[in-house]
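Here's the letter readout for the chains.
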Amino acid sequence: MKNWKKLILVFVIAGVALIAYFGFNQPFLARLIVTIAGGVLAFSMLIEMIKTLRSGSYGVDLLAITAIIVTLLVGEYWASLIIILMLVGGESLEDYANGRAHRALAALLDKSPDIAHVQKGDKVVDLPIDHVEVGSHLLVRPMEIIPIDGKLISEAVVLDTASLTGETKPNELVKGDPVLSGAINGNSSIQIETTVIAAESQFQKIVELVKETEKTPAQFVRLADRYAVPFTIIAYLIAAVAYFISGDPVRIAEVLVVASPCPLILAAPIAFVSGMSRSSQNGALIKNGTVIEKLAKAREIFLDKTGTITEGTIKVDSLKPIETVDEVELLQLVYTVEKSSGHILAKAVVEYAENKNVQPLKLTSLTEVAGLGVIGEIEGQEIKIGRRSFAFAPENLNYETAFYVSKAGKYVGAVTFSDTLRPEAKETIAQMRKIGLEKITMLTGDNQLVADKIASTVGIDNVYAGLMPDEKLKFIKNATNRPVIMIGDGVNDAPALATADVGISIGVGSGTVASEAADIVLLQNDLRKVTTSIEISRDTLKIAKQAVMIGIIICIILMFIAALGVIPAVIGALFQEIIDVVSILYALRALRG
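The rules we used
- Residues numbered from 1 in each chain as written.
- Predicted model: local features only at pLDDT ≥ 70, side-chain atom pairs only at ≥ 80, totals over all residues.
- Heavy atoms only, no water.
- Axes fitted to C-alpha atoms, helices over the stretch in contact; angles between N-to-C directions.
- Helix = DSSP H or I, 4+ residues; strand = E, 2+ residues; numbered from the N terminus.
- Parallel < 35°, antiparallel > 145°, perpendicular 65-115°, else oblique.
- Left-handed = near helix turned anticlockwise from the far one by under 90°.
- Contact = heavy atoms within 4.5 Å.
- Nonpolar A, V, L, I, M, F, W, Y, C, P; charged D, E, K, R; others polar.
- Pairing = 2+ DSSP bridges.
- Phe/Tyr/Trp six-rings, centres within 6.5 Å; stacked < 30°, edge-to-face > 60°.
- Buried < 20%, exposed > 50% of the residue type's maximum accessible area, 1.4 Å probe, protein only.
- Lys NZ or Arg CZ within 6 Å of the ring centre and 35° of its normal.

Visitor: What is the right way to read the packing of helix H20 (residues 528-563) against helix H21 (residues 569-587) from this model?
Guide: The packing of two helices is summarised by the inter-axis angle and the distance between the axes. Viewed as axis vectors pointing N to C, H20 and H21 meet at an angle of 165°, and their least axial separation amounts to 8 Å. Put simply, H20 runs roughly antiparallel to H21. Both H20 and H21 take part in a crossing whose hand is right-handed. Side by side, H20 and H21 meet where Ile543, Gln546, Ala547, Ile550, Gly551, Ile554, Cys555 and Leu558 of the first sit next to Phe575, Gln576, Ile579, Val582, Ser583, Tyr586 and Ala587 of the second. Its residues assigned to classes, the contact of H20 with H21 shows 11 nonpolar, four polar and no charged.

Visitor: Can you walk me through the sheet that holds strand E13 (residues 373-378) in this structure?
Guide: As summarised here, the arrangement of the six strands in space is E11-E16-E15-E14-E13-E12, forming an open sheet in which the pairing is antiparallel. In this open sheet, the two strands that pair with only one neighbour each are strand E11 (310-321) and strand E12 (363-369). Neighbour-to-neighbour, the strand axes of the sheet open up by a mean angle of 20°, direction not taken into account. As defined by bridge partners, strand E14 (residues 381-386) adjoins strand E15 (residues 402-407) across four bridges and the pair is classed as antiparallel. Bridge pairing links Gly386 to Tyr404 in E15. Where helix H14 (residues 344-355) meets the sheet, its contacts fall on E11, E15 and strand E16 (410-421), and the angle it forms with E11 comes to roughly 70°.

Visitor: Teacher, can you tell me more about the packing of aromatic side chains here?
Guide: Centre-to-centre distance and the angle between the planes together describe a pair of aromatic rings. For the coordinates displayed, the defined rule picks out three aromatic pairs. Between Phe403 and Phe417 the ring centres are 5.4 Å apart and the planes differ by 85°, which places this aromatic pair in the edge-to-face class. With Phe403 in strand E15 and Phe417 in strand E16, the pair connects residues that are 14 residues apart, well separated along the chain. Relative to Phe475, the ring of Tyr464 lies with its centre 4.5 Å away and its plane at 45°, an arrangement referred to as tilted. Separated by 11 residues along the polypeptide, Tyr464 in strand E18 (residues 462-464) and Phe475 in helix H17 (residues 469-478) bring together distant segments of the chain. Exposure remark for Tyr464: the relative accessible area of 37% places this residue in the partly exposed category. Just above the ring of Phe390 sits the side chain of Lys384; from NZ or CZ to the centre is 4.9 Å. Here the basic side chain of Arg589 rests over the ring of Tyr586, its NZ or CZ set 4.7 Å away from the ring centre.

Visitor: When you look at the side chain of Arg251 in this model, what are you seeing that I'm missing?
Guide: Mapped onto the elements, Arg251 comes out in helix H10 (residues 249-258). Setting aside chain neighbours within four positions, we find Arg251 in contact with Ala242, Ser246, Ala562, Ala563, Leu564 and Gly565.

Visitor: Looking at this structure, I do not really get the pairing of strand E8 (residues 190-194). What am I missing?
Guide: Regular strands show a simple pattern: their side chains alternate between the two faces of the sheet. Covered by surrounding structure in E8 are Ile190, Ile192 and Thr194 only, the residues Gln191 and Glu193 on the alternate face being uncovered. Across four bridges, the pairing between strand E3 (residues 137-140) and E8 is antiparallel. Its bridge partner lying in E8, Leu138 is registered against Ile192. Pairing analysis gives three bridges linking strand E4 (residues 150-152) to E8, with the strands arranged antiparallel. When the bridges of E8 are listed, Gly150 appears paired with Thr194.

Set out below in structure tokens:
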């Protein structure tokens, strides 16, 4: 039965008991009704507690069960009824708080599109997104959600990507740019060409991650359970001393009523779910509450290089023509020959040349030489582009990543490439040190020379290069300063992400495997979101602990007062409601920090 339905049922029982007592002057009937209801609830809680103990865990339910039973046995059934209302009402309030905290996450599910407008010749046909094939042309009308990832066919568009990245700034795209599902179209209809099926679209991946976060609420109570045993022992000791001094069993009920552990049960999970919501609003999807605890305590971090510290996209770095050839002529030759190639470096040249408004020459033939390069003919002259020896380049030239170019059998220059450093990388590494990450290490499959250069630029001292995925995994396993964080973006990082105490997959373009293996998925391609998530987690854990301790301290004070016999059981039960509200409201501070 859902908690709100249970709450309605308890209110009905309370109403019937009150009518029996005050309306028909039947106190025995009122007591019987409350006793049966309390007994059933206590029994159901006992069954759940036994299951918890069998699983190897322990919780705070024992106090609540004891308080209900004792108040019923000593005839304080109205106090028992208030405890029952408190417990069920607290569970319903938790549901409400969870719903408020999950608002940003649930918004993704609410916006999930299920229909796509597919262009079929002159007609537009509405199809379920699961039936749309790769390469289909879709019509997206004004203010509609992009249903499937693709590339823009229309000349230009302005999209609202806030639900994906958390950024309110509009995203301006031009023809050929990638378009992510989940973005909201602007004020004019556009056309896109799908590049993946619906199940592999970015928005669907995020939706699945959201669903996963909602399957793990039971883990959130672990923080409160750490206080369960000492708190229960203290409550029983105070109750025993009160009975020993007074000889009155009612005194036990009066103490245990104010010791009911709702603040412990509610405060931690509400704080963690609130922290998860706050993190999602800041561009990081955290899968469960235990990740917040680990992230808050982490002092060591490992980072992949390509796609994490760098942008993971190859771009033209420089043009290096010989003295008798200018840069435009060299670029024109390479652009003309490579514009039809699917090679990743060729794509970088094409993008660079088009941005420079370079016009291609007339290409009369093109031949690909496997493993070496390509040969083209321009104005009757042979153009070779590829490896150093293939293009007759001097042996003393040894660029890290380059196209070497020859014309009519003579070397004329080279085009060098580099993986662009993230503009926020150096700032983020400095911020990591500032917030107390004591050891920062780069793990990369790239060569040592490139890795050292990147690491030196951003301020990382510990660098390990030329690593295979299993070798990265060993560094994570052998780390002694736990918990540790691993940040990566690709399939090759998945084993390390899954093994780290906290795995973080960066960027909306992260591979599915990396996202599934990670504990946190950054919805925005911004490394700064890592330090933001750490700070939010630390703040959330601090608030959760404070909320629990506030509840405990108030409960203990009231227990001592109740032991003196000055707080009747019914009044004590009402005080407990106030404690619940105070703890919950304090825990909700994690939504904003």
